[in-house]
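Now for the letters of each chain:
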Amino acid sequence: MSENVVPAVINLDVPGPVINRHLYGHFAEHLGRCVYGGFYVGEDSEIPNEGGIRLDVVAALRALDIPNLRWPGGCFADEYHWTDGIGPRQGRPVMVNTHWGNVEENNHFGTHEFMLLCELLGAEPYISGNVGSGTVKEMSDWVEYLTRDGDSPMVRLRKANGRDEPWRVRFWGLGNEAWGCGGNMSAQQYAAEARRFGTYCRDHGDNKLYRIAAGANGADYAWTETLMRQYGELGCAYRPSSFMQALSFHFYTLSGPWRAKGSATAFDTDDYYRTLVQAARVDELITGHSNVMDCYDPGKSVGLVLDEWGTWYDVEPGTNPGFLYQQNTLRDALVAGVHFDVFHRHADRLIMANIAQTVNVLQAMILTDPESKALVLTPTYHVFEMNKGHQDAASLRVDLPAGLPERAAGDATLTTVSLSASRKDGQVLVSLSNLDAEQPADVELDLRGGTLTGVQARILTAGALQTHNTPDTPGAVAPRAHDGVTATAKGLRVRLPAHSFVTVAGRLA
Ligand code: AHR
């Protein structure tokens, strides 16, 4: 028997709040090789594509049931002028991407290309509008261009560019990181801007926007309070439409200070634990923002959106520091597993989360090789895939009569087992992570209110925490069947090897 035995009670017949599928959302910025070379290679590429969009990337993301894609930034969004990215590609102006490597941006990937990408993915678009350096009219026109039917100046322009039908766009971001790259504003300044911009982003026809105000940096609860106070004072809760339907915040997992964040692959066990301690802080932050929101909106009509999360390390040696390209190991998979457990527990308020970023940037799902053009699925990708059954499922509370095992990690304490569960269409899915680098753990699931049949388990682990996938070893970290689940009098015993992520699925009988 292993040292860590964790009893856990799940009442299968007591469904909790629904886990919004948009908690499994994505993010694509004009940054490094995320859009160009990642999603988009151009129509003349030898890589199979539709309208310039890589079909291998599309297929890999469709397999995750990708629910939404945020675009065009990030910091880039507040310098982006959408009219530069429409019309014949050769006539589009070139701009400088000042945030990310000072490279030239030819605007070949613009509104029509992004909407085609979303159609191919079967994902909802989440467009981040420009508040920092844009105008209210510019943003209002973009909404009209995308979503209006009938006849209007923007509808005519869209039709002239080859698209007759309006698109449907629900998620609309009012700027990004307004406290920093999005304009260096105070919370009061931004709240006033959000009110103005949000007001003129109109609902055209039956297209109803879900306006997401740019929120706090990490634990800046005062920012959230300022926005929520404005929401309350304007009486927004009592009107069918208001300047915002949700607000966001960003939280990245760093394993060191900004100037020395550490390597994505060359790390030791202390670095590993430090990273997981940081990742687990996401619970404290969501709780903190939710508490503030509850004071102004106890009915939870305003959504909380974590539209940037993930690990952020030093860039890979020899790559452009402005491109934020990093490898992805088993450590990243466990960071993702912990985040999802926390997201599921906060399903009553947290309605969307977007990992930064989907391809070739930060904690990516997919890495594409610039030379061979090969595509590699990362360990993080596999957690999204193994967990996709939680999308739109009812969360199931996990009660822990004896608590969870802990271990010292530097000055902090790390809870080393994490788990969450859900139920959808008679199917139960339990996700479990063992973060201990050396010790296995056994979770004794006491399943009440039903039994599970046809139980199947999968595991994601590797010999070393640093294991990662490359074009030469694409399957070094990949899910496989797990034979460590046994039936007990009360339910199931699940063996979790050291540093592993496990899913257990079964049919409710
Ligand atoms: O994801 C990279 C950058 O991180 C985004 O552009 C910005 O919003 C954040 O600071």
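What counts and what doesn't
- Residues numbered from 1 in each chain as written.
- Predicted model: local features only at pLDDT ≥ 70, side-chain atom pairs only at ≥ 80, totals over all residues.
- Heavy atoms only, no water.
- Helix = DSSP H or I, 4+ residues; strand = E, 2+ residues; numbered from the N terminus.
- Rg over C-alpha atoms; globule rule 2.2 N^0.38 Å.
- Buried < 20%, exposed > 50% of the residue type's maximum accessible area, 1.4 Å probe, protein only.
- Salt bridge = Lys/Arg side-chain N within 4 Å of Asp/Glu carboxyl O.
- Domains from an automatic or database assignment.
- Contact = heavy atoms within 4.5 Å.
- Buried area = accessible area lost by both parts, 1.4 Å probe.
- Polar contact = N/O pair within 3.5 Å; in protein donor to acceptor, adjacent residues only side chain to side chain.
- Nonpolar A, V, L, I, M, F, W, Y, C, P; charged D, E, K, R; others polar.
- Pairing = 2+ DSSP bridges.
- Axes fitted to C-alpha atoms, helices over the stretch in contact; angles between N-to-C directions.
- Near = heavy atom within 4 Å.
- Areas by Shrake-Rupley, 256 points an atom, 1.4 Å probe, with all protein chains shown as cover.
- Expected span 1.5 Å × (residues − 1).
- Disulfide = S-S within 2.5 Å.
- Parallel < 35°, antiparallel > 145°, perpendicular 65-115°, else oblique.
- Left-handed = near helix turned anticlockwise from the far one by under 90°.
- Core = buried A, V, L, I, M, F, W, Y, C linked by side-chain atoms within 4.5 Å.

Peer 1: Would you mind showing me how to read the overall build of the chain here?
Peer 2: The helix and strand tally for the chain stands at nine helices and 26 strands. A compact globule built from 509 residues would reach a C-alpha radius of gyration of about 23 Å, and the chain, at 23 Å, matches this within 12%. Projected onto the principal axes, the alpha-carbon positions of the chain cover approximately 70 × 55 × 45 Å. In the chain, buried positions account for 58% of the 509 residues.

Peer 1: Would you take a moment to explain the pattern of salt bridges for this structure?
Peer 2: Two side chains of opposite charge can pair, provided their charged atoms sit close to one another. In total, this model carries 29 salt bridges according to the counting rule given. A salt bridge links Asp392 to Arg21; its shortest N-O distance comes to 3.3 Å. With a gap of 371 residues between them, Asp392 in the loop between helix H9 (379-386) and strand S16 (394-399) and Arg21 in the loop between strand S1 (4-18) and strand S2 (26-27) connect regions that are remote in the sequence. Taking the relative accessible area as the measure of exposure, Asp392 reaches 33% and is therefore partly exposed. Given a relative accessible area of 30%, Arg21 falls into the partly exposed group. A single salt-bridge network, built from bridges that share partners, covers Asp294, Asp297, Lys300, Asp348 and Arg349.

Peer 1: I tried to follow the domain arrangement of the chain on my own but got confused; where do I start?
Peer 2: You'll often see interface size given as the accessible area lost when the parts meet. Along its sequence, the chain is organised into domain 1 (5-13 + 396-508) and domain 2 (20-392). Using only C-alpha atoms to locate each centre, domain 1 and domain 2 end up separated by 29 Å. Every contact between the two is made by 39 residues of domain 1 and, on the other side, 34 residues of domain 2. For domain 1, the biggest contributors to the area lost against domain 2 are Leu435, Leu465 and Phe501; these three give 19% of the whole. Our enumeration of links across domain 1 and domain 2 arrives at one salt bridge. Salt-bridge contacts for Glu385 lead to Arg458; the nearest nitrogen and oxygen are separated by 2.9 Å. Here domain 1 and domain 2 share 19 residue pairs in polar contact (both at pLDDT 80 or more) between them. Of all the secondary structure elements, the ones that give two or more residues to the side of domain 1 that touches domain 2 are strand S17 (406-409), strand S18 (412-415), strand S19 (417-424), strand S20 (427-434), strand S22 (452-460) and strand S26 (500-508). With six residues, the single largest contributor to the side of domain 1 that touches domain 2 is S19. For the side of domain 1 that touches domain 2, the residue count by class is 19 nonpolar, 15 polar and five charged.

Peer 1: What is the right way to look at the sheet that holds strand S24 (residues 485-487) in this model?
Peer 2: Sheet strands pair by backbone hydrogen bonding; their relative direction is either parallel or antiparallel. Across the sheet, ten strands lie side by side as S23-S22-S26-S20-S19-S16-S1-S21-S25-S24; this open sheet has mixed pairing. On the outer flanks of this sheet lie strand S23 (480-481) and S24, each paired with one strand and no other. Pairing geometry for S19 and S20, over eight bridges, is antiparallel. When the sheet's bridge partners are listed, Ser420 is paired in S20 with Ser431. Its contacts with the sheet put helix H8 (residues 330-345) on S16, S19, S20, S22 and S26, and the angle it makes with S19 is roughly 55°. Across the sheet, H9 is in contact with S20, S22 and S26; its angle to S22 comes to roughly 170°.

Peer 1: For this particular structure, what's the right way to read the site of the ligand?
Peer 2: Around the ligand sit 14 residues in total, of which Glu29, Cys75, Glu177, Tyr252 and Glu308 are the nearest. Contact distances for the ligand include 2.7 Å between an oxygen atom and a side-chain N or O atom of Glu29. At 2.8 Å, a side-chain N or O of Tyr252 approaches an oxygen atom of the ligand. Summarising the interface, the protein chains cover 94% of the accessible area of the ligand, which totals 290 Å² for the free molecule. Of the residues assigned to the shell around the ligand, the class counts are seven nonpolar, four polar and three charged.

Peer 1: I keep staring at helix H7 (residues 269-296) and nothing clicks. Help me out?
Peer 2: For an α-helix, the turn length of 3.6 residues means that residues three or four places apart are oriented alike. Relative to the 40 Å expected for 28 residues at 1.5 Å per residue, H7 spans 43 Å between its end C-alpha atoms, a close match to the ideal helical length. Where H7 starts, the residue carrying a side-chain oxygen 3.1 Å from the main-chain nitrogen of Asp270 turns out to be Asp268.

Peer 1: Got a minute to help me understand the environment of Arg229 in this structure?
Peer 2: Checked against the element boundaries, Arg229 lands in helix H6 (residues 221-233). With relative accessibility at 36%, the residue Arg229 sits in the partly exposed group. A C-alpha to C-alpha distance of 9.2 Å links Arg229 and Met293, two positions 64 residues apart in sequence.

Peer 1: Quick question: what am I supposed to make of the sheet that holds strand S9 (residues 171-174) here?
Peer 2: If you walk across this open sheet you meet the eight strands as S2-S5-S8-S9-S10-S11-S12-S13, and the pairing is parallel. Both outer strands of the open sheet, S2 and strand S13 (350-355), are each paired with one neighbouring strand and no more. Two strands pair when backbone bridges link them, and S2 and strand S5 (residues 68-71) are joined in this way by two bridges, in the parallel orientation. The partner of Phe27 across the bridge, within S5, is Arg70. With respect to the sheet, H7 is in contact with strand S10 (210-217), strand S11 (246-253), strand S12 (303-311) and S13, its orientation differing from that of S11 by roughly 160°.

Peer 1: When you look at the state of the cysteines in this model, what are you seeing that I'm missing?
Peer 2: Linking two cysteines covalently through their sulfur atoms gives a disulfide. For the structure on display, the rule yields one disulfide. Each sulfur in the disulfide pair Cys75 and Cys181 lies 2.2 Å from the other. Handedness here is read from the sign of the S-S torsion; for Cys75 and Cys181, about -85°, the answer is left-handed. Of this pair, Cys75 sits in the loop between S5 and strand S6 (95-97) while Cys181 sits in the loop between S9 and helix H5 (187-200), placing them 106 residues apart in sequence. In this structure Cys181 comes out as partly exposed when scored by relative accessible area, which is 26%. The cysteine Cys34 is free of any disulfide, with Cys118 supplying the nearest cysteine sulfur at 12 Å.

Peer 1: When you look at the packing of H6 against H7 in this model, what are you seeing that I'm missing?
Peer 2: Packed helix pairs are characterised by how far apart their axes lie and by the angle those axes make with each other. Interhelical geometry of H6 versus H7 gives an angle of 25° and a closest axis separation of 9 Å. Between H6 and H7, the crossing angle belongs to the class labelled roughly parallel. Between H6 and H7 lies a crossing whose hand is right-handed. Where H6 approaches H7, its residues Tyr221, Thr224, Glu225, Met228 and Arg229 are matched on the opposing element by Glu284, Leu285, Gly288, His289, Val292, Met293 and Tyr296. Partitioning the contact of H6 with H7 into residue classes produces six nonpolar, three polar and three charged.

Peer 1: Please clarify how the nonpolar core should be interpreted in this entry.
Peer 2: In a soluble, globular protein the nonpolar side chains are often hidden away together inside. Ranked by internal contacts, the top residues of the largest apolar core, which has 118 residues, are Trp172, Tyr190 and Phe343. Lining this core are residues from two domains, each supplying at least three of them: domain 1 (5-13 + 396-508) and domain 2 (20-392). Apart from residues lying up to four places away in sequence, Tyr190 is in contact with Leu174, Ala178, Met185, Ala213, Ala214, Trp223 and Leu227. With 24 residues, the next largest nonpolar core counts Ile10, Ile459, Val502 and Val504 among its residues.

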